[in-house]
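Now for the letters of each chain:
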Amino acid sequence: MTNRKSYPSDLSDKEWTILEPYVPAVKAGGHPGKYSRREIVNGILYVLRGGSSWRMLPHDFPPWDTVYGYFNRWRKVGVWEHIHQQLYGQMRQELGRDRQASAAIADSQSVKTTEKGA
């Protein structure tokens, strides 16, 4: 963790321990990361939880364009969806359920039809 004051959107140590294995690490042999992955994720959560724009990210986080770049790159390769699927599956298991839901419900009121049926 950095020396900055924490924000309500920051991950706790326990939350980071759960999330860290799913956050892509710095590529082996690549340029070492200037900012920690945790600070990148904390910056992303600050914007998403607070509803502010990327450019309004406080200066004690990594630069907004760096944080946004990671968010967008990870979105394009499916990191966020993978994290959601894994954590959702873990939660279901802890509740004594199968990792995957076994049923789906379709609301017939939301399906529009014509009276003529053509």
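Our subject is the structure that appears above.
Residues numbered from 1 in each chain as written. Predicted model: local features only at pLDDT ≥ 70, side-chain atom pairs only at ≥ 80, totals over all residues. Heavy atoms only, no water.

Visitor: Please clarify how the overall build of the protein should be interpreted in this entry.
Guide: If you tally the helices and strands in the protein, you get four helices and zero strands. Helices (α) and strands (β) of the protein occur, in sequence order from the N terminus, as α-α-α-α. Split into buried and exposed, the 118 residues of the protein put 28% on the buried side. Expressed as a percentage of contacts within the protein between residues at least 6 apart in sequence, the contacts between residues at least 24 apart total 51%. (Helix = DSSP H or I, 4+ residues; strand = E, 2+ residues; numbered from the N terminus. Buried < 20%, exposed > 50% of the residue type's maximum accessible area, 1.4 Å probe, protein only. Contact = heavy atoms within 4.5 Å.)

Visitor: It is not clear to me how the side chain of N72 should be interpreted in this structure. Could you clarify?
Guide: Inspection of the secondary structure assignment puts N72 in helix α3 (residues 64-76). Reaching out from N72, the side chain makes a polar contact with the side chain of R75 at a distance of 2.5 Å. (Polar contact = N/O pair within 3.5 Å; in protein donor to acceptor, adjacent residues only side chain to side chain.)

Visitor: How do you make sense of the side chain of R37 when you look at a structure like this?
Guide: Checked against the element boundaries, R37 lands in helix α2 (residues 37-50). The buried charged residue R37 lacks any salt bridge, with E20 as its nearest oppositely charged partner at 9.1 Å. Reaching out from R37, the side chain makes a polar contact with the side chain of Y70 at a distance of 3.1 Å. Aside from chain neighbours lying at most four places away, what touches R37 is W16, V23, P24, A25, V26, Y70 and W74. (Lys, Arg positive; Asp, Glu negative; His and termini not counted. Salt bridge = Lys/Arg side-chain N within 4 Å of Asp/Glu carboxyl O.)

Visitor: For this particular structure, what's the right way to read the nonpolar core?
Guide: In a soluble, globular protein the nonpolar side chains are often hidden away together inside. V41, I44 and W74 are the most contacted members of the largest nonpolar core, which has 19 residues in total. Going through the elements one at a time, α1 (13-19), α2, α3 and α4 (79-94) are the ones with two or more residues in this core. Ranked by residues supplied to this core, first place goes to α2 with five residues. Each residue touching V41, except ones within four places of it in the same chain, is listed here: L11, W16, L19, V23 and W74. (Core = buried A, V, L, I, M, F, W, Y, C linked by side-chain atoms within 4.5 Å.)

Visitor: Teacher, can you tell me more about α4 here?
Guide: For an α-helix, 3.6 residues make a turn, and residues three or four places apart therefore share a direction. Its 16 residues give α4 an end-to-end C-alpha distance of 23 Å, which sits within 8% of 22 Å, the value for a rise of 1.5 Å per residue. Within α4, burial applies to V79, I83, G89 and R92. Packed against the buried residues of α4 are α1 and α3. With its phi angle positive at about 80°, G96 sits one or two positions after the end of α4. (Expected span 1.5 Å × (residues − 1).)

Visitor: Please clarify how the packing of aromatic side chains should be interpreted in this entry.
Guide: How two aromatic rings sit relative to each other is given by the distance of their centres and the angle of their planes. Inspection of the entire model under this criterion finds nine aromatic pairs. Seen in terms of ring centroids, Y7 and Y46 are 5.2 Å apart; in terms of plane orientation they differ by 75°. Their pairing is edge-to-face. Here Y46 lies in helix α2 and Y7 lies in the segment before α1, a separation of 39 residues in the sequence. For Y46, a relative accessible area of 22% gives the class partly exposed. (Phe/Tyr/Trp six-rings, centres within 6.5 Å; stacked < 30°, edge-to-face > 60°.)

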